[in-house]
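Overview (structure and organization)
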Amino acid sequence: MVSFHRLLIPQERVVLSASTFSTFFLPAFVLYLAMGVLVQRKRTAMIRVALLPVTLLCAYRAGSPACHIHPFDAIDRLGFHKKPYTRIALQPNKTFRGDTLSGSTSSQLTNVDDTPLFTAIWNAWDLSVNLRGIGWDWAEDLRIPKSNCGTKSTLEFLLNTLAKLLFYALAFDTTSGAARDFSPETFGSIEGGTIFDASLPPLSRYTRSTIITILSGWTAYFVIELVYQIHAIEFVLLFRQAPSQWPPLFDTPWLSTSLTSFWGHKWHQLFRECFISVGARPFSYLLGRTGGVMGAFLISGALHYLGLKAMERGGYPVVVFGFFIMQAIGLILEGMWKKCTGTRVDGIWGLLWTWLWVVSWANFMIDAWARVGLIGSKFFPDNYRPTVLLVHFLKHYFSLFGFSEIEIINVVQQG
C-alpha cells in the first residue's frame, strides 16, 4: 500500500520546469501570499488557523525537492498572529537613522478600519519578502542600521543599489570560487567532502579549515546582500516603494565587539521576529533569560538544519544545532561577565573574542556545508561567472589601447 507521504513527497529530486513549478512551488507560493492577505484583514483568524496545516504541508512538499518557503514564518507571522497587521504610513523621505522601531509609532498608523482587499493583496507582496517588518506595526524594538537612503532620489537610490548588486555578485563569485579551489575534487565539487585534511598536521589542518570557513562566511554575507539588493530594485521599480523602506541589511558585523552586538543587531535580522516569537518568548517563560537565549538559537538551528536536510544528504543535526547552541552559551557567558564585572564585553578584546568564538565553532558548521556539497555548488555558468566576465572586459578594454595579453598579465602581477 502506498503511504500518504509517498503520494505527497517526490522520492527523487526533481528538475525545475513549468510542470514541477506548478505542481510543487505554485500551491505553496499562492497559499503563502493568501496568508499574507488574510493577516491584514479583520476576522480572519479562524480562516488562517484552518489554512495553516495546508500551507505548511505545501511548504514541506515544495521544500523536499528544493527548500524555499520558511515554515516558522508561516507559523508565527501569518498563522497565529491575533491582531490584523497594519501598514505604517511611511513618508517617501522618511529616514531610519539607526533608531529602534517600536510600538510607539502607533500615531503614524494608517487610520483605516479594515485594509481594503486590493491594498491587502498589494501589501502581501511586500510582506512576503519584508521579513524584518520595515513599515509594519509588528516590527517592535527592531534596530535599523544607519542609512541615508531616505535622502536620496529614487533614481540615485536605484543606481547606487545596482552598483552594490554588481559588487556583491563579483565578491560572491570570488569568495565562493576561492573556497572551492582549496579542493576541487572533494568539497569543491557537488559530491562534497570534509574541509579537515587528515593528511596535514593539526596546526596546518585547522589553519586551512579556518581560512575556508572565513571565505564561506563572507560568501554567505555576499549572497544574502546580493538577493537583498535584487529585491530592493524589484520593489522600488515595480511596486513603487520608497527607498527608505529598504535600509541596510547588515551593520558592519565584522566590527562586532561582542556576540551580543553581532547576533543582536549587526548580523541580519531577517528572522528576528520568528526566533523571538517561536523560540525566545516561550522558553523565557519557562527558564528566564537563559531559556530565551537558548530558545531563539534552537529555532535558528532548526531553520539551518532543514535547509541542509532538504539537500537529501543528511542534515548533520548535532553539528548544526551544536553551532547555534554554542553561540547561545557565548551570549550567556557575556551576560555572566557583565554581572560579575559590571562592564559589557567591548573594545579590541571583545572584537577578538567575538571572532574567535564564532569562527572556531563555525569550522564544524562549514564542514557540514562542505559534506553535503553546498560549497561546491555553482550559481553561475562557468563562462558567465562575474569574475570571468570582468576578465574578458579588462582584456577587451586593454586591447583597445594596444596591450597584448602578456602585457596585461604583467600589469596585473605588478599591481
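Details of the overall build of the chain
Within the chain, the secondary structure is distributed over 13 helices and two strands. Buried residues in the chain amount to 45% of all 415 residues. Counted over contacts in the chain with a minimum sequence separation of 6, partners at least 24 positions apart contribute 73%. Carbon and sulfur atoms provide 67% of the accessible area of the chain, an area that totals close to 22,500 Å².

Some points on the pattern of salt bridges
Inspection of the entire model under this criterion finds three salt bridges. With its nearest N and O atoms 2.9 Å apart, the salt bridge here joins D173 to R385. A residue pair is termed long-range when its members are at least 10 positions apart, and D173 in helix α6 (residues 154-180) and R385 in the loop between α11 (347-371) and α12 (386-399) qualify at 212 residues. Under the relative-accessibility criterion, D173 is labelled buried at 2%.

Describing the nonpolar core
Within the largest apolar cluster, 60 residues are counted, with the highest numbers of intra-cluster contacts made by I195, W246, W263, F297, W369 and I375. For this core, the secondary-structure elements that each account for two or more residues are α6, α7 (202-238), α8 (259-266), α9 (272-309), α10 (317-341) and α11. Setting aside chain neighbours within four positions, we find W369 in contact with S216, A220, L308, L374 and I375. Counting six residues, the second largest nonpolar core, distinct from the first, contains F24, F25, L31 and C58.

Structural notes on helix α3 (residues 45-63)
For α3, which comprises 19 residues, the first-to-last C-alpha distance of 26 Å matches the rise-based estimate of 27 Å (1.5 Å per residue) to within 8%. Along its length, α3 shows its largest kink, about 35°, at L52, and proline P53 lies within four residues downstream of that point.

Regarding the environment of N160
Tracing the backbone through its elements, the reader meets N160 in helix α6. Residues N160 and Q229, 69 residues apart in the sequence, show an inter-C-alpha distance of 9.9 Å.

Some details on the packing of α9 against α10
Closest axis-to-axis distance for the α9/α10 pair is 8 Å, and the angle between their directions is 155°. Classified by the angle between their axes, α9 and α10 sit roughly antiparallel to one another. Every pair of crossing elements has a handedness; the one defined by α9 and α10 is right-handed. Packed against α9, whose contacting residues are R289, T290, V293, M294, F297, L298, S300, G301, A302, H304, Y305 and L308, the element α10 presents P317, V320, F321, F324, I325, Q327, A328, I329, L331 and I332 at the interface. Split by residue class, the contact of α9 with α10 holds 16 nonpolar, five polar and one charged.

Brief notes about the packing of α6 against α7
Contact geometry for α6 and α7: axes closest at 8 Å, N-to-C directions at 155°. In terms of orientation, α6 and α7 fall into the roughly antiparallel class. Seen along the crossing, α6 lies across α7 with a hand that is left-handed. Residues that form the contact of α6 with α7 fall into these classes: 22 nonpolar, seven polar and two charged.

Examining a nonpolar patch on the surface
Where nonpolar side chains cluster on the molecular surface, the patch consists of L16, F21, L26 and V30 and spans about 370 Å² of accessible area. With respect to the helices, strands and loops of the structure, F21 is situated in helix α2 (residues 18-38). The exposure class assigned to F21 is partly exposed, which follows from its relative accessible area of 39%.

Focus on the environment of F271
Relative to the helices and strands, F271 is located in the loop between α8 and α9. Between the C-alpha atoms of F271 and S300, which are 29 residues apart in sequence, the distance is 8.3 Å.

Conventions and cut-offs
Residues numbered from 1 in each chain as written. Predicted model: local features only at pLDDT ≥ 70, side-chain atom pairs only at ≥ 80, totals over all residues. Heavy atoms only, no water. Helix = DSSP H or I, 4+ residues; strand = E, 2+ residues; numbered from the N terminus. Buried < 20%, exposed > 50% of the residue type's maximum accessible area, 1.4 Å probe, protein only. Contact = heavy atoms within 4.5 Å. Areas by Shrake-Rupley, 256 points an atom, 1.4 Å probe, with all protein chains shown as cover. Salt bridge = Lys/Arg side-chain N within 4 Å of Asp/Glu carboxyl O. Core = buried A, V, L, I, M, F, W, Y, C linked by side-chain atoms within 4.5 Å. Expected span 1.5 Å × (residues − 1). Bend = angle between axes of the 7 residues up to and from the residue. Axes fitted to C-alpha atoms, helices over the stretch in contact; angles between N-to-C directions. Parallel < 35°, antiparallel > 145°, perpendicular 65-115°, else oblique. Left-handed = near helix turned anticlockwise from the far one by under 90°. Nonpolar A, V, L, I, M, F, W, Y, C, P; charged D, E, K, R; others polar. Patch = residues over 30% accessible without salt bridge, like charges linked within 9 Å, V, L, I, M, F, W, Y side chains within 5 Å.

By themselves, these figures tell us nothing about what the structure is for.
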